[in-house]
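Listed below are the residues making up each chain.
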Amino acid sequence: MSNRLRSWLAPARPDGIETITDPARRRAVVLEVLLVFSITFGLSGARSLLSLLNSLMQPVPLSQQSVALNTSRSELGLIDLLYQLLGVTQLLAWGTLGVYLLYRAGVRLSSIGLDRTRRGRDLASGFGLAALIGVPGLVFYLVVRAIGLNLTVMPSTLNDVWWRAPVLILSAIANSWAEEVLVVGYLITRLRQLGWSENRSLLLSSVLRGSYHLYQGFGGFVGNIVMGLVYGRFWQRSQRLWALIAAHALIDTVAFVGYALLKGVVPWLP
């Protein structure tokens, strides 16, 4: 096995990561991680599991059921807009909480890739990662849905109003910020400080990512684990979190806005 391949399969721990050995501090970090994810994506994972169990108990196959990602919350346009913006704000706050906790713990934001020194390279990497995951991901979704292992996913059912596209773009950005900061940057950094290996940390991060997509079906679960493995490993090797955020935001923007514009025009879209 070449050194290059070995470095991707079993990457070395980055320099400058403190391993916390004091029992009291370790307990505090474990409690912090449990609290953060009990109110964010860990709770979302539990809800998604219940949603999948509920779907499996229905008298119709998964592929004949549907789930919408961005839905109207009110028949009143202004109230609906405010609901959507509150959802965006919540996701932005989740991600910012992770950044704040790492900052308070003495972790430099540049060490996790949230500085502005490589904006061009981060954006280029983001486009590459989006293409690597986005196109095969669409094919995988169509296959697992066809064989009955996934619900029909509708990225948006928002009404055709003037603010639909801007809100969908904001939602894509907020989703990517919250997920990549918390599930990759925050979680893996904290696990490193607790002495976890790179592969063990990556696996937990990826399974967590898959768990809160269980509401989509088994395809959503497996597909997002694969996405987590690719994105997480890229971050472990590069420490560039902006690249992951850009890639995720691009995928979601294309899915959300593209679906809203093409629904009813492209025959195979549900």
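Everything below is about the structure shown above.
Attention in this report is confined to the structure presented alongside it. (Residues numbered from 1 in each chain as written. Predicted model: local features only at pLDDT ≥ 70, side-chain atom pairs only at ≥ 80, totals over all residues. Heavy atoms only, no water.)

Concerning the overall build of the chain
Next, step 1: A count of helices and strands for the chain gives nine helices and two strands.
Next, step 2: Order of helices (α) and strands (β) in the chain, N terminus to C terminus: α-α-α-β-α-α-β-α-α-α-α.
Next, step 3: The C-alpha atoms of the chain give a radius of gyration of 19 Å, which matches the 18 Å a tight globule of 270 residues would have.
Next, step 4: Referenced to the eigenvectors of the C-alpha coordinate spread, the extents of the chain come out at roughly 55 × 45 × 40 Å. (Helix = DSSP H or I, 4+ residues; strand = E, 2+ residues; numbered from the N terminus. Rg over C-alpha atoms; globule rule 2.2 N^0.38 Å.)

Brief notes about the pattern of salt bridges
Next, step 1: If you walk through the whole model with that rule in mind, you get eight salt bridges.
Next, step 2: Linking arginine 209 and glutamate 179 is a salt bridge whose minimum nitrogen-to-oxygen distance equals 3.8 Å. Of this pair, arginine 209 sits in helix H7 (residues 198–211) while glutamate 179 sits in helix H6 (residues 164–193), placing them 30 residues apart in sequence.
Next, step 3: With a relative accessible area of 5%, glutamate 179 lands in the buried category.
Next, step 4: A salt bridge links glutamate 198 to arginine 192, with the nearest nitrogen and oxygen atoms 2.7 Å apart.
Next, step 5: On the accessibility criterion, glutamate 198 (5% relative accessible area) is buried. (Salt bridge = Lys/Arg side-chain N within 4 Å of Asp/Glu carboxyl O. Buried < 20%, exposed > 50% of the residue type's maximum accessible area, 1.4 Å probe, protein only.)

Concerning the side chain of glutamine 216
Next, step 1: By secondary structure assignment, the location of glutamine 216 is in the loop between H7 and helix H8 (218–238).
Next, step 2: Residue glutamine 216 is classed as buried on the basis of its relative accessible area, which comes to 12%.
Next, step 3: Looking at glutamine 216, its side chain comes within polar contact range of the side chain of tyrosine 215, at 3.0 Å.
Next, step 4: Discounting chain neighbours no more than four positions away, the residues touching glutamine 216 are Val67, Leu69, Asn150, Leu151 and Val153. (Polar contact = N/O pair within 3.5 Å; in protein donor to acceptor, adjacent residues only side chain to side chain. Contact = heavy atoms within 4.5 Å.)

Thoughts on the nonpolar core
Next, step 1: Judged by nonpolar contacts, the single largest core of 41 residues is most densely connected at Phe37, Phe41, Tyr186, Leu241 and Leu244.
Next, step 2: Looking at this core, the elements that each hand over two or more residues are helix H2 (23–38), helix H4 (77–104), helix H5 (119–146), H6, H8 and helix H9 (241–262).
Next, step 3: With 11 residues, the top contributor of residues to this core is H6.
Next, step 4: Apart from residues lying up to four places away in sequence, leucine 244 is in contact with Leu129, Glu180, Val184, Tyr231, Phe234 and Trp235.
Next, step 5: Grouped together as the second largest cluster of nonpolar side chains are nine residues, Leu158, Trp163, Val257 and Ala260 included. (Core = buried A, V, L, I, M, F, W, Y, C linked by side-chain atoms within 4.5 Å.)

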